[in-house]
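# A closer look at the structure
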Amino acid sequence: MENHLAQYYRFPENHVRVALRGNLSEAKGFFRFGPDAICYGRCSGAVSNSAGAALFDAQDETMVEGGTVLLPFDLQEVVDNLRWERYMEDARAGALRNPVVASLYYFLRPLLPIDVRKHLQKAHLNGWRDLRFPRWPVDRTVDTLFEQILAQSVHKSEAREIPFIWFWPDGASSCAIMTHDVETASGRDLCSGLMDINDSFGMRASFQIVPESRYDVTAGFLSSIRDRGFEINIQDLNHDGRLFRSHGEFLQRAAKIDLYRQQYGAEGFRAAVLYRNQQWYDALKFSYDMSVPNVAHLDPQRGGCCTVMPYFIGEILELPVTTTQDYSLFHILNDYSINLWKQQTELIMEKHGLMSFIIHPDYISGVRERCVYEALLSYLTGLRDEKNVWIPTSSEVNRWWRQRRQMKLVRRGDSWRVEGEGKERARIAYASEHDGQLVYSLTSRQGENHMEEIKSRR
Ligand SMILES: [Zn+2]
């Protein structure tokens, strides 16, 4: 099995060793790792049914022996439970809190005035602010867990710093992508104006197109997007909210979706309204998916993958949705500022993660909404210019993350080098520890040893 910690950082082989300490409980449940990370799985300490209870802190029972970090839980299992949202199935808190309201609402959604929609949502969203897990407005449990384990490993190791392949190309500090889901015919007709806005900020984006039932998709429409340097992905099949109703139905629809994937030449997928079942993804032949929210308190299907980094679901790369959607911001939170998005990007950038945005052409047709969107673009391009944030398209992220997965750090004389396709853009980073905090340093270029930048955790 793939070692998640080693894959996350791309260490040289065997540089960081993790093992299980003690006997695991039969039952799965919640426990914590330090003050910031709520974990879910089996543990040698007591586990709780509720994330809101006083939780056993597994960090207290973590040791380092002979260079190996000994954890009272199975790191692989716990990370999968979070990324694959397995804590939701177990908790039976699952998919739809109120299936009748949810399916009716999402079937009718494009036809309903916004006031009626808000009313229907209230039943579902009641109490969301009290949810402690995943953590609002961004959950970084997986990222924090990996950092803390690495910090312990470095603290006790003789090397005092551990080389790894930096997360993003050309030493970028973080990454941001813009994605547009086209919901209705009027949204489709607004795409060209939206591309004009994006172009004025030098921002490329992907458009997620619903292939059946919603609106006509002509070859001319697809090429009007592609010819301008934007990307096409498939959104669902017909957006009726039933893609994941049953496995049989899903497999039939996945086969149809695959024909559209080939016809459109699309690499990426997003399910309607972020419905999902990651256990079934092996039936999708896309290179990447963008349907898993980081924290889904405002989405009809609750849960969240608890990481701000891309991760693999089998052979599909998941680019999680790490910020609040425009619809939720405007119509659930009634917020017409970019304050929440700023707060989320800051939290993501602390972990050098992926900021991904869903903006619907359908929902920003009004002047007020469009101004908020332009403020967001202005903010993001500022981050690109001032904070060295990489702003590619979603398929460029996919390509980089796949290349990085194949790269290797190898010793040449007394220095490290990156080998593999794409290595020209890769940077070597070093993880060290000061006063219990993990610190990253980044080499300026392949093979050069002088440090360009110190990146600390807080
Ligand atoms: Zn949609």
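A brief look at the structure comes next. (Residues numbered from 1 in each chain as written. Predicted model: local features only at pLDDT ≥ 70, side-chain atom pairs only at ≥ 80, totals over all residues. Heavy atoms only, no water.)

### Examining the sheet that holds strand β5 (residues 68-71)
- The strand order across the open sheet built from three strands is β1-β5-β4, with neighbouring strands paired in mixed fashion. For this open sheet the edge positions go to β1 (17-20) and β4 (63-65), each flanked by a neighbour on one side alone. With direction set aside, neighbouring strand axes in the sheet form an average angle of 35 degrees.
- Bridge count between β1 and β5: four bridges; the pairing is parallel. Its bridge partner lying in β5, V18 is registered against V69.
- Packed onto the sheet, helix α6 (residues 141-156) meets β1, β4 and β5 and runs at close to 135 degrees relative to β5. (Pairing = 2+ DSSP bridges. Helix = DSSP H or I, 4+ residues; strand = E, 2+ residues; numbered from the N terminus. Axes fitted to C-alpha atoms, helices over the stretch in contact; angles between N-to-C directions. Contact = heavy atoms within 4.5 Å.)

### Focus: the pairing of strand β17 (residues 415-419)
- Bridge count between strand β16 (residues 408-412) and β17: five bridges; the pairing is antiparallel. Paired with L409 across the strands is V418, a residue of β17.
- Here β16 folds back onto β17, and the loop between the two strands holds two residues, one of which, G413, carries a positive phi near 65 degrees.

### Comments concerning helix α9 (residues 219-226)
- Here α9 has its buried residues at F221, L222 and I225. For α9, the buried positions fall inside an angular range of 100 degrees around the axis, keeping them on one side.
- For α9, the elements touching its buried residues are α7 (185-189), α8 (191-200), β8 (206-209), β9 (231-235) and α10 (247-264). (Buried < 20%, exposed > 50% of the residue type's maximum accessible area, 1.4 Å probe, protein only. Arc of directions from axis to C-beta.)

### Side note on the pattern of salt bridges
- Here the structure, examined in full by the defined rule, presents 17 salt bridges.
- The residue R228 makes a salt bridge to D196 at a minimum N-O spacing of 2.7 Å. Here R228 is found in the loop between α9 and β9, whereas its partner D196 is found in helix α8, with 32 residues between them in sequence.
- Among the residues examined, R228 registers a relative accessible area of 30% and is labelled partly exposed.
- One continuous salt-bridge network, built from bridges that share partners, spans D196, D199 and R228. (Salt bridge = Lys/Arg side-chain N within 4 Å of Asp/Glu carboxyl O.)

### A closer look at the nonpolar core
- One finds Y9, F73, F167 and W168 to be the most contacted residues of the largest nonpolar core, which totals 67 residues.
- The greatest single-element share of this core, amounting to seven residues, is contributed by α6.
- C191, M195, Y281 and F286 belong to the second-largest nonpolar core, a separate cluster that totals 66 residues. (Core = buried A, V, L, I, M, F, W, Y, C linked by side-chain atoms within 4.5 Å.)

Honestly, that's just the spatial picture; any functional story needs more than this.
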